[in-house]
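One letter stands for each residue in the lines below.
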Amino acid sequence: DTAVSQTPKYLVTQMGNDKSIKCEQNLGHDTMYWYKQDSKKFLKIMFSYNNKELIINETVPNRFSPKSPDKAHLNLHINSLELGDSAVYFCASSQDLWTGGRETQYFGPGTRLLVL
Amino acid sequence: AQSVSQHNHHVILSEAASLELGCNYSYGGTVNLFWYVQYPGQHLQLLLKYFSGDPLVKGIKGFEAEFIKSKFSFNLRKPSVQWSDTAEYFCAVFSSNTGKLIFGQGTTLQVKP
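Since the structure is predicted, the reported quantities are computational estimates derived from the model, not experimental observations. (Residues numbered from 1 in each chain as written. Chains lettered and ligands numbered in written order. Predicted model: local features only at pLDDT ≥ 70, side-chain atom pairs only at ≥ 80, totals over all residues. Heavy atoms only, no water.)

Visitor: I keep staring at the interface of chain A and chain B and nothing clicks. Help me out?
Guide: Bring the parts together and some accessible area is lost; that lost area is often taken as the interface size. Across the boundary between the two partners, chain A contributes 20 residues, which contact 20 residues of chain B. At the boundary of chain A with chain B, total buried surface from both sides reaches about 1700 Å², with 57% on carbon and sulfur atoms. Seen at the junction of chain A and chain B, the total is two salt bridges. The partner of Glu-58 of chain A in a salt bridge is Lys-100 of chain B, with the nearest N and O atoms 2.4 Å apart. At the boundary of chain A with chain B, the tally comes to four residue pairs in polar contact (both at pLDDT 80 or more). Listing elements by their share of the side of chain A that touches chain B, those giving two or more residues are β4 (31-37) and β5 (43-50) of chain A. Classifying every residue of the side of chain A that touches chain B by side-chain character gives nine nonpolar, six polar and five charged. (Contact = heavy atoms within 4.5 Å. Buried area = accessible area lost by both parts, 1.4 Å probe. Salt bridge = Lys/Arg side-chain N within 4 Å of Asp/Glu carboxyl O. Polar contact = N/O pair within 3.5 Å; in protein donor to acceptor, adjacent residues only side chain to side chain. Helix = DSSP H or I, 4+ residues; strand = E, 2+ residues; numbered from the N terminus. Nonpolar A, V, L, I, M, F, W, Y, C, P; charged D, E, K, R; others polar.)

Set out below in structure tokens:
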């Protein structure tokens with residue numbers, strides 16, 4: 001069974017379009033995250049949610065809007081896509097955010113976004 | 001600001017060679033350190049982690065890492081690599097101040113059969 005799943009796996013779109021990436025975890029975790037991996041493989045956190053509440057909002061353009069309908073889902077909506085948004089986006093989850101970092105984060109397979 | 005540095009960007013080894021990947025961090029607080037691996041076409045998965053206690057931690061698939069506080073390092077080692085170890089390796093430190101997991105830029109390991 002997939003622990004953290006993302007859809008779609010690949011996303012090719014034109015500049016200016018709006019797109020969404022969905023993430024679901026079946027681990028019963030309270031905390032979920034979105035990371036961006038750039039072309040140099042550098043991974044950086046974008047957002048984290050704990051029990052549907054936004055905890056971390058890294059300096060990300062407000063074209064990016066995460067939405068957590070319940071604690072098992074964290075979706076990422078991107079408005080007015082730009083060329084620089086091309087990257088791999090990873091969703092992750094962990095049991096809890098407040099245990100001093102002892103929690104392992106479990107990652108999804110990634111969504112490769114290409115903006116043309 | 002906290003940061004993680006992985007000095008080896010691309011490592012090429014023959015099977016059975018020994019591996020050591022460097023990781024240095026800059027963070028003054030209590031450190032929680034991780035190594036993640038990303039096999040080709042797969043998601044990131046945890047290799048090992050350190051929170052406290054024995055500074056030599058053992059992970060899956062024969063990997064180990066040593067936390068050396070005085071050197072701010074957490075190098076990953078494996079005595080004998082296999083072709084199946086070909087992957088991207090990421091060192092990360094959890095910042096309890098910010099609640100963020102901060103990754104290094106990754107090391108690409110290519111093992112030749």
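That covers the picture; the talk isn't over yet.
Visitor: I tried to follow the pattern of salt bridges on my own but got confused; where do I start?
Guide: Pairing of side chains with opposite charge becomes possible as their charged atoms draw close. Residues and elements named next belong to chain A. Counted according to the given criterion, the structure contains nine salt bridges over all chains. The salt bridge involving Glu-82 is made with Arg-63; its shortest N-O contact spans 3.5 Å. On the criterion of sequence distance, the pair formed by Glu-82 in the loop between β8 (73-78) and β9 (87-94) and Arg-63 in the loop between β6 (53-57) and β7 (64-70) is long-range, its members being 19 residues apart. Take Glu-82: its relative accessible area is 41%, and that puts it in the partly exposed class. With a relative accessible area of 14%, Arg-63 lands in the buried category. (Buried < 20%, exposed > 50% of the residue type's maximum accessible area, 1.4 Å probe, protein only.)

Visitor: Help me understand the pairing of strand β8 (residues 64-68) of chain B, please; the structure alone is not making it clear to me.
Guide: Every other side chain in a regular strand lies on the same face of the sheet, so the side chains alternate between the two faces. Residues and elements named next belong to chain B. Two elements, strand β7 (residues 56-58) and β8, share three bridges in a ladder whose sense is antiparallel. Each residue of the ladder has a partner; that of Val-57, found in β8, is Ala-65. The turn joining β7 and β8, which pair antiparallel and follow one another in sequence, is formed by five residues; a positive phi near 55° is taken by Lys-61. Relative to strand β9 (residues 73-78), β8 runs antiparallel, the two being bridged by five bridges. In the sheet register, Ile-68 faces β9, and the bridge partner there is Ser-73. In this antiparallel pair of consecutive strands, β8 and β9, the connection spans four residues, and Phe-72 shows a positive phi of 50°. (Pairing = 2+ DSSP bridges.)

Visitor: Can you help me understand the side chain of Thr-107 of chain B in this one?
Guide: Residue and element names in this part refer to chain B. Take Thr-107: it is sitting in strand β12 (residues 107-112). One polar contact links Thr-107 to Gln-6, side chain to side chain, over a distance of 3.2 Å. In terms of polar contacts, Thr-107 uses its side chain to reach the backbone carbonyl oxygen of Asn-8, at 2.4 Å.

Visitor: Even after reading the chapter, I still don't get unusual backbone geometry, so can you show me in this structure?
Guide: One can expect most non-glycine residues to show negative phi and most peptide bonds to be in trans. Geometrically, the link from Thr-7 of chain A to Pro-8 of chain A is a cis peptide bond, its omega value of -5° lying close to zero. Within the fold, Pro-8 of chain A resides in the loop between β1 (4-7) and β2 (10-13). Residue Ala-16 of chain B is not a glycine yet carries a positive backbone phi of 80°. Among the structural elements, Ala-16 of chain B can be located in the loop between β2 (10-14) and β3 (19-21). Assessed through its relative accessible area of 52%, Ala-16 of chain B is described here as exposed.

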